[in-house]
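Descriptive analysis of the structure
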Amino acid sequence: VTANIEGPSEEAVAAKVLERPEAAGLQGPTVGRVYSPDGRQLYAVTVVVEKATLGAVVDHLRSIGGTTVTVSASEYVFGRQSNAYSQLLVTLGLA
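Summary of the structure given here. Treat the numbers as computed from the prediction; the structure is a model and nothing was measured.

This part takes up the overall build of the protein. Looking only at helices and strands, the protein has 3 helices and 4 strands in total. Relative to the 2.2 N^0.38 estimate, which gives 12 Å for 95 residues, the radius of gyration of the protein is 17 Å and therefore markedly larger than a compact globule would have. When the backbone C-alpha atoms are referred to their principal axes, the protein occupies close to 60 × 25 × 20 Å. Taken over 95 residues, the protein has a buried fraction of 24%. Sequence-distant contacts in the protein: of pairs separated by 6 or more residues, those separated by 24 or more amount to 61%. The protein carries 7 positive and 9 negative side-chain charges, and their two centres are separated by 1 Å.

Core analysis: the biggest nonpolar cluster contains 16 residues, and Ile5, Val17 and Leu61 have the highest contact counts within it. Of all the elements in the fold, those that place two or more residues in this core are strand S1 (2–6), helix H1 (10–17), strand S3 (41–46) and helix H2 (54–63). Other than its neighbours up to four places away in sequence, Val17 contacts Ile5, Ala23, Pro29, Val45, His60, Leu61 and Ile64.

Backbone geometry at Thr68 places phi at a positive 40°, although glycine is not the residue there. Of note, Thr68 is situated in strand S4 (residues 67–70). Overall, the relative accessible area of 56% leaves Thr68 in the exposed class.

This part is about a nonpolar patch on the surface. Together, Tyr85, Leu88, Leu92 and Leu94 line one region of the surface with nonpolar side chains, adding up to about 450 Å² of accessible area. Mapped onto the elements of the fold, Leu88 is located in helix H3 (residues 83–91). Classification of Leu88 as partly exposed rests on a relative accessible area of 42%.

On to the pairing of S3, then. As defined by bridge partners, S1 adjoins S3 across 5 bridges and the pair is classed as antiparallel. Directly across from Ile5, in S3, lies its bridge partner Tyr43. Pairing geometry for strand S2 (residues 30–35) and S3, over 6 bridges, is antiparallel. Across the sheet, residue Val31 finds its bridge partner in S3, namely Val45.

Reading the values: rules and limits
- Residues numbered from 1 in each chain as written.
- Predicted model: local features only at pLDDT ≥ 70, side-chain atom pairs only at ≥ 80, totals over all residues.
- Heavy atoms only, no water.
- Helix = DSSP H or I, 4+ residues; strand = E, 2+ residues; numbered from the N terminus.
- Rg over C-alpha atoms; globule rule 2.2 N^0.38 Å.
- Buried < 20%, exposed > 50% of the residue type's maximum accessible area, 1.4 Å probe, protein only.
- Contact = heavy atoms within 4.5 Å.
- Lys, Arg positive; Asp, Glu negative; His and termini not counted.
- Charge placed at Lys NZ, Arg CZ, Asp CG, Glu CD.
- Core = buried A, V, L, I, M, F, W, Y, C linked by side-chain atoms within 4.5 Å.
- Patch = residues over 30% accessible without salt bridge, like charges linked within 9 Å, V, L, I, M, F, W, Y side chains within 5 Å.
- Areas by Shrake-Rupley, 256 points an atom, 1.4 Å probe, with all protein chains shown as cover.
- Salt bridge = Lys/Arg side-chain N within 4 Å of Asp/Glu carboxyl O.
- Pairing = 2+ DSSP bridges.

Pasting the structure below:
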């Protein structure tokens, strides 16, 4: 989920997003400056959330000033380690 949110700083916008735990996403929001042609202080907020919380997250982003909210489905989300590979190493006695 990505939304543009107006605010005084990246930190202030992130704090607003984090007011709702489900809006933090899997690892927290990514917040970056938007170079708006009209000079407004906008920040793009991106979070990866579970489908079950999507409606609540979009509602929260709107409630804190989110505009142009976009949602893209993630086909795959890879963690730091492959569970299948880790299990294979255990089975082979290599871990």
